[in-house]
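Listed below, chain by chain, are the residues.
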Amino acid sequence: MRRFRLTVQLLFTIATNGYMYGFLNGKIYRGSLKYACVPGLNCYSCPGAVAACPIGALQALLNQQGLQIPFAALGFFFLFGSLLGRSVCGWLCPFGLVQDLLHKIPVFQKKKRLSNHHILKHGKYVVLILLAWAGSMILFGGFAKIPAFCKYLCPSGTLFGALPLLSANEALREQAGGLFFWKLGILLAIVLLSVKIYRPFCQYLCPLGAIYGWFNRFSLVQIHWEQERCISCMACERACPTALSLHEISRSSECIRCGKCVGACPQSCLHFSGTHRDEPPRV
């Protein structure tokens, strides 16, 4: 299961950031595919990105003149949320992959959560409201009509967008100022924290995860628990990278459906939607 998920993550990241000419000349792809979104946090400004980020698209629609409801972005979230929930985070997010790989580095004593997780986990909802929504909806002052999340916080944009563009474009390097170094600091903090804590950005700051988390209870993709076959060994809880209880797996808005619990279950009583219940676990 782990190898299969890693393969999917790598292939999806390569496919959605496969415009190699952009990395070579330091220019952003602006073809017709950029009008479409990919489900994960995939920066529009990445020189290799062939499609747009849904959070960036949402802010762009909100930033249009006048007060308009962004039906296209909301429909996109409803479609992928109702189909996949936070499976998007676990399988189709390039920045999620980066955090997964960083957490594999064999240094530091690993932790699944930060202290005060029960409070800090709401940070992503605060970010969603204050940066992705309120920052775009305020109609007065200097903070009006700007993509606040992308401009001030998003570490994925710094990693996949700003750094490759600056490395390939001398003119851009000369213009880099305080805002770039602010975002670089955020990225470095997330990178260092990811080595010790499992996916800190996903757990505490990502507004995309906050949106998809709302769909977890009723999305098409679920991890089902056959309680009558369970021997209460708690192998699934030990395997869960976000420290969820057995009753929270799949239903909690924090579950990214990585499948580690499925692979760890010795009785095969946990399985994804559509898989045969007698199928042996694959690790």
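The shown structure was predicted, so the numbers you read here are calculated from the model rather than taken from an experiment.

Student: Is there a simple way to think about the overall build of the chain in this case?
Tutor: Helices and strands together make up the secondary structure of the chain, namely 16 helices and two strands. Taken over 283 residues, the chain has a buried fraction of 48%. In the chain, once contacts between residues fewer than 6 apart in sequence are set aside, the share between residues at least 24 apart is 72%. Summed over its atoms, the accessible surface of the chain is roughly 14,100 Å², and 67% of this surface lies on carbon and sulfur atoms. Charge centroids of the chain, computed over 28 positive and 10 negative side chains, lie 6 Å from each other.

Student: I keep staring at the nonpolar core and nothing clicks. Help me out?
Tutor: Considering soluble globular proteins, one finds that nonpolar side chains tend to be buried as a cluster. If you look at the biggest cluster of nonpolar residues, it comprises 56 residues, and the most contacted ones within it are L41, F77, F95, F149 and L270. By residue number, the principal contributor to this core is helix α12 (residues 178–196), which donates six residues. Setting aside its immediate chain neighbours within four residues, F95 contacts L41, P155, S156, L159, F160, L187, I190 and F201.

Student: What exactly am I supposed to notice about the side chain of K183 here?
Tutor: Within the secondary structure, K183 is located in helix α12. A distance of 3.4 Å separates a polar side-chain atom of K183 from the backbone oxygen of C154. With residues near it in sequence (within four places) discarded, K183 still touches C150, K151, Y152, L153, C154 and T158.

Student: Would you explain a nonpolar patch on the surface in this entry?
Tutor: A cluster of nonpolar side chains, namely I69, F71 and L74, defines an oily patch on the protein surface of about 330 Å² accessible area. Within the secondary structure, I69 is located in the loop between α3 (54–62) and α4 (71–84). When its relative accessible area of 55% is taken as the criterion, I69 is described as exposed.

Calculation criteria
- Residues numbered from 1 in each chain as written.
- Predicted model: local features only at pLDDT ≥ 70, side-chain atom pairs only at ≥ 80, totals over all residues.
- Heavy atoms only, no water.
- Helix = DSSP H or I, 4+ residues; strand = E, 2+ residues; numbered from the N terminus.
- Buried < 20%, exposed > 50% of the residue type's maximum accessible area, 1.4 Å probe, protein only.
- Contact = heavy atoms within 4.5 Å.
- Areas by Shrake-Rupley, 256 points an atom, 1.4 Å probe, with all protein chains shown as cover.
- Lys, Arg positive; Asp, Glu negative; His and termini not counted.
- Charge placed at Lys NZ, Arg CZ, Asp CG, Glu CD.
- Core = buried A, V, L, I, M, F, W, Y, C linked by side-chain atoms within 4.5 Å.
- Polar contact = N/O pair within 3.5 Å; in protein donor to acceptor, adjacent residues only side chain to side chain.
- Patch = residues over 30% accessible without salt bridge, like charges linked within 9 Å, V, L, I, M, F, W, Y side chains within 5 Å.
- Salt bridge = Lys/Arg side-chain N within 4 Å of Asp/Glu carboxyl O.

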